[in-house]
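Listed here are the chains, written in short residue letters.
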2 protein chains.
Amino acid sequence: MATAPSRAASRTDNHAGEGTRERILDVALRLFAEHSVAGTSLQMIADELGITKAAVYHHFHTWEELLSTLVEPAVEEMRALVDAAAAHRTPHGRAEHMLTGFVDLTMRHRRLSAILSSDQAIARLLKAQAHYEELVERPLALLGGALPDPAGRINATVALSGIASTAGNDLLGDLDDDTMRKLLIQTGRRTLGLRPPRTPRTTS
Amino acid sequence: MATAPSRAASRTDNHAGEGTRERILDVALRLFAEHSVAGTSLQMIADELGITKAAVYHHFHTWEELLSTLVEPAVEEMRALVDAAAAHRTPHGRAEHMLTGFVDLTMRHRRLSAILSSDQAIARLLKAQAHYEELVERPLALLGGALPDPAGRINATVALSGIASTAGNDLLGDLDDDTMRKLLIQTGRRTLGLRPPRTPRTTS
């Protein structure tokens, strides 16, 4: 089956190797969403792109290298977000920053969010790479900090997993990104027991 | 690797065939949680039980039959729950019944909930079997009914997916079931914008 030109491919430079690398990642993400990571083979990725398995191996020497490269940008953003949120003085400020930043992050990486929030193979990889602490433990602590445990932890887990699954949900594809972003933040605030900020960010 | 006696096996009768059938389902559920459905083979299930693939096929003629049998009890409970919730007069009554019933259901089927809420292979099967309407569409409509769309739908999706993932989350395994059940209902009410019921159910 022919693949439509991907966003990744359209923004590549003239270096053909880089273009293929980006296309492999783009196709992998789409196949993971459809078949799960465990249900996707390197052969399926190669077939979809009309290239050989050897050509895929040229860009990613192992399956783990491909997975790591795929999650790396989101992991970096999450690390920066957690640090920025942790710098606030109050538990409410930390939770509010973590919530709005997490919604923005999931909206920028919608397909990846759906996979990260649900796929056991990806979860195992992140755990093995010691990303688990910054991707799950620290965000949960920051989000749930406005309430004592265990209520804070349950709220935070529902908010984190609920937002990630909802942002990646195809059933809601008819909502424009800006509306979904605002609604996810509102829902997240209620879930976490956070009062809305006094000064609205937009005055529309 | 030897398998500890499962709960399913311990409550089986003396009919050896029934016992094996239950043990296959129990092991399948555990392997699905660990490796995803796509990452689990019939051979892995057989190996784990120390039986042959033919013995597994004797009980379940196809992979789809095994998956269907596994989800059937939860699907039946969900169908009954949705009908009972839909019978309430008000949107608030319908959402409250659906929420408390859904939390109870996920707590009764914790491992299955984690898989149902995340595994693409199971989601595809349920869609193919036309269970999608009653398992996803009707619950979302009942849960979100207290607010107009799209806010109601976003709230409902966050609540449904958040509760299912949280109930199946190993990280929260140290909470006893009753505490988790109460906290999930409280969090769910806030997420959905439902006021707490006037008469508390317990007075502790």
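## Section: the overall build of chain A
For step 1, the next point in the chain: Within chain A, the regular secondary structure consists of 11 helices and 0 strands.
For step 2, the next point in the chain: The helix and strand sequence of chain A, counted from the amino end, reads α-α-α-α-α-α-α-α-α-α-α.
For step 3, the next point in the chain: The proportion of buried residues among the 204 residues of chain A is 40%.
For step 4, the next point in the chain: Looking at chain A alone, contacts between residues at least 24 apart form 63% of all its contacts between residues at least 6 apart.

## Quick notes on the relation of the copies chain B and chain A
For step 1, the next point in the chain: The two copies are related by a screw motion: chain B maps onto chain A through a turn of 180° and a shift of 0.0 Å along the axis, at an RMSD of 0.0 Å. Viewed as a symmetry operation, the transformation between the two copies matches a two-fold axis.
For step 2, the next point in the chain: Taken together, the interface assignments show that 100% of the residues at the interface of chain B recur at the interface of chain A, consistent with an identical surface on both copies.

## With respect to the nonpolar core
For step 1, the next point in the chain: Judged by nonpolar contacts, the single largest core of 102 residues is most densely connected at A:Leu99, A:Leu143, A:Ile163, B:Leu99, B:Leu143 and B:Ile163.
For step 2, the next point in the chain: With near-sequence residues (within four places) excluded, B:Leu99 lies in contact with B:Leu143, B:Ile185, B:Gly188, B:Arg189, B:Leu192 and B:Leu194.

## Some words on the domain arrangement of chain A
All names here are of chain A.
For step 1, the next point in the chain: Split by domain assignment, chain A resolves into domain 1 (7-61) and domain 2 (64-192).
For step 2, the next point in the chain: Between domain 1 and domain 2, the C-alpha centre-to-centre distance is 26 Å.
For step 3, the next point in the chain: With 10 residues of domain 1 in contact, the opposing surface of domain 2 contributes 11 residues.

## Focus on unusual backbone geometry
For step 1, the next point in the chain: With a phi close to 75°, B:Ser36 is a non-glycine residue in the positive phi region.
For step 2, the next point in the chain: Take B:Ser36: it is sitting in the loop between helix H2 (16-35) and helix H3 (42-49).

## Points about the interface of chain B and chain A
One widely used convention gives an interface's size as the accessible area the parts lose upon coming together.
For step 1, the next point in the chain: Facing the 33 residues of chain B at the interface are 33 residues of chain A.
For step 2, the next point in the chain: Looking at the side of chain B that touches chain A, the elements with two or more residues in it are H2, helix H8 (120-128), helix H10 (151-167) and helix H11 (177-192) of chain B.
For step 3, the next point in the chain: Its residues assigned to classes, the side of chain B that touches chain A comprises 13 nonpolar, 16 polar and 4 charged.

## Comments concerning helix H5 (residues 63-86) of chain B
Residues and elements named next belong to chain B.
For step 1, the next point in the chain: The end-to-end C-alpha separation of H5 is 34 Å, in line with the 34 Å expected for 24 residues at 1.5 Å each.
For step 2, the next point in the chain: Of all the bends in H5, the greatest, near 45°, is centred on Glu-72, and the proline Pro-73 appears no more than four residues after it.
For step 3, the next point in the chain: Among the residues of H5, Leu-66, Leu-67, Leu-70, Val-71, Met-78, Leu-81, Val-82 and Ala-85 are the ones counted as buried.

## What to know about the packing of H10(B) against H11(B)
All names here are of chain B.
For step 1, the next point in the chain: Interhelical geometry of H10 versus H11 gives an angle of 160° and a closest axis separation of 9 Å. When the interaxial angle is binned, H10 and H11 end up roughly antiparallel. Our pair here, H10 against H11, has a crossing hand that is right-handed. Counted together, Asn-155, Ala-156, Val-158, Ala-159, Ile-163, Thr-166 and Ala-167 of H10 and Leu-184, Gly-188, Thr-191 and Leu-192 of H11 form the full contact between these two elements.

## Describing the environment of A:Leu49
For step 1, the next point in the chain: You can see A:Leu49 is positioned in helix H3 (residues 42-49).
For step 2, the next point in the chain: Separated by 18 residues in sequence, A:Leu49 and A:Leu31 place their C-alpha atoms 12 Å apart.

## Concerning the confidence of the model for chain A
Residues and elements named next belong to chain A.
For step 1, the next point in the chain: Per-residue pLDDT for chain A averages 83, and the proportion of residues at 70 or more is 85%.
For step 2, the next point in the chain: Under a pLDDT of 50 for its full length, residues 1-15 has, in the predicted model, 17 contacts with residues more than four places off or in other chains.
For step 3, the next point in the chain: Listed scores for the predicted complex are pTM 0.82 and ipTM 0.80.

## Here's the deal with the environment of A:Asp83
For step 1, the next point in the chain: Mapped onto the secondary structure, A:Asp83 falls in helix H5 (residues 63-86).
For step 2, the next point in the chain: Through-space distance from the C-alpha of A:Asp83 to that of A:Arg138 is 9.4 Å; in sequence the pair is 55 residues apart.

## Observations concerning the environment of B:Gly39
All names here are of chain B.
For step 1, the next point in the chain: Locating Gly-39 in the fold gives a position in the loop between H2 and H3.
For step 2, the next point in the chain: Given 19 C-beta atoms within 10 Å, Gly-39 falls into the partly exposed group.
For step 3, the next point in the chain: When the C-alpha atoms of Gly-39 and Arg-94 are compared, they prove to be 38 Å apart, with 55 residues separating the residues in sequence.

## Describing the packing of helix H9 (residues 132-144) of chain B against H10(B)
Residue and element names in this part refer to chain B.
For step 1, the next point in the chain: One can describe the packing of H9 onto H10 by two numbers: an axis separation of 8 Å at closest approach and a directional angle of 115°. The two elements H9 and H10 meet at a crossing, and its hand is right-handed. Counting all contacts with H9, which are made through Pro-139, Leu-140, Leu-143 and Gly-144, the residues of H10 involved are Gly-152, Arg-153, Asn-155, Ala-156, Thr-157, Ala-159 and Leu-160.
For step 2, the next point in the chain: The residue inventory of the contact of H9 with H10, partitioned by class, reads 6 nonpolar, 4 polar and 1 charged.

Parameters and conventions
- Along each chain, residue indices are assigned from 1 in the same order as the chain's sequence is written.
- Chains and ligands are labelled sequentially in the order written, the chains with letters from A and the ligands with numbers from 1.
- Reporting of local features is limited, given that this is a predicted model, to residues whose pLDDT is at least 70; pairs of side-chain atoms are given and counted only at 80 or more, and all residues count toward the totals for whole chains, interfaces and linings.
- The way it works is that DSSP assigns letters per residue, a run of H or I at least four long becomes a helix, a run of E at least two long becomes a strand, and they are numbered from the N terminus.
- Counting other C-beta atoms within 10 Å of a residue's own tells you its class, since 20 or more makes it buried, 12 or fewer makes it exposed, and anything in between is partly exposed; those C-beta atoms are placed from the backbone.
- Residue pairs qualify as contacts under a 7 Å threshold applied to their C-beta atoms, which are placed from the backbone.
- When the copies are superposed, the least-squares fit draws on C-alpha atoms of residues that have pLDDT of at least 70 in both.
- The nonpolar core criterion groups buried Ala, Val, Leu, Ile, Met, Phe, Trp, Tyr and Cys residues into a set whenever they are joined through C-beta atoms within 7 Å.
- An automatic or database domain assignment supplies the residue ranges for each domain.
- The classification used treats Ala, Val, Leu, Ile, Met, Phe, Trp, Tyr, Cys and Pro as nonpolar, Asp, Glu, Lys and Arg as charged, and all other residues, Gly among them, as polar.
- In this scheme, a helix's expected span is set at 1.5 Å multiplied by one less than its residue total.
- At every residue, the bend is computed as the angle between two fitted axes, covering the seven residues ending there and the seven beginning there respectively.
- All axes are obtained by fitting lines to C-alpha atoms, using only the stretch in contact for helices, and the reported angles, taken between N-to-C directions, cover 0 to 180 degrees.
- Reported orientations rely on four angle classes, namely roughly parallel under 35 degrees, roughly antiparallel over 145, roughly perpendicular from 65 to 115, and oblique for the rest.
- By the definition used in this description, the sense in which the near helix is turned from the far one sets the handedness, with an anticlockwise turn below a right angle giving left-handed and a clockwise turn giving right-handed.
- A score between 0 and 100, pLDDT records how confident the predictor is in each residue.

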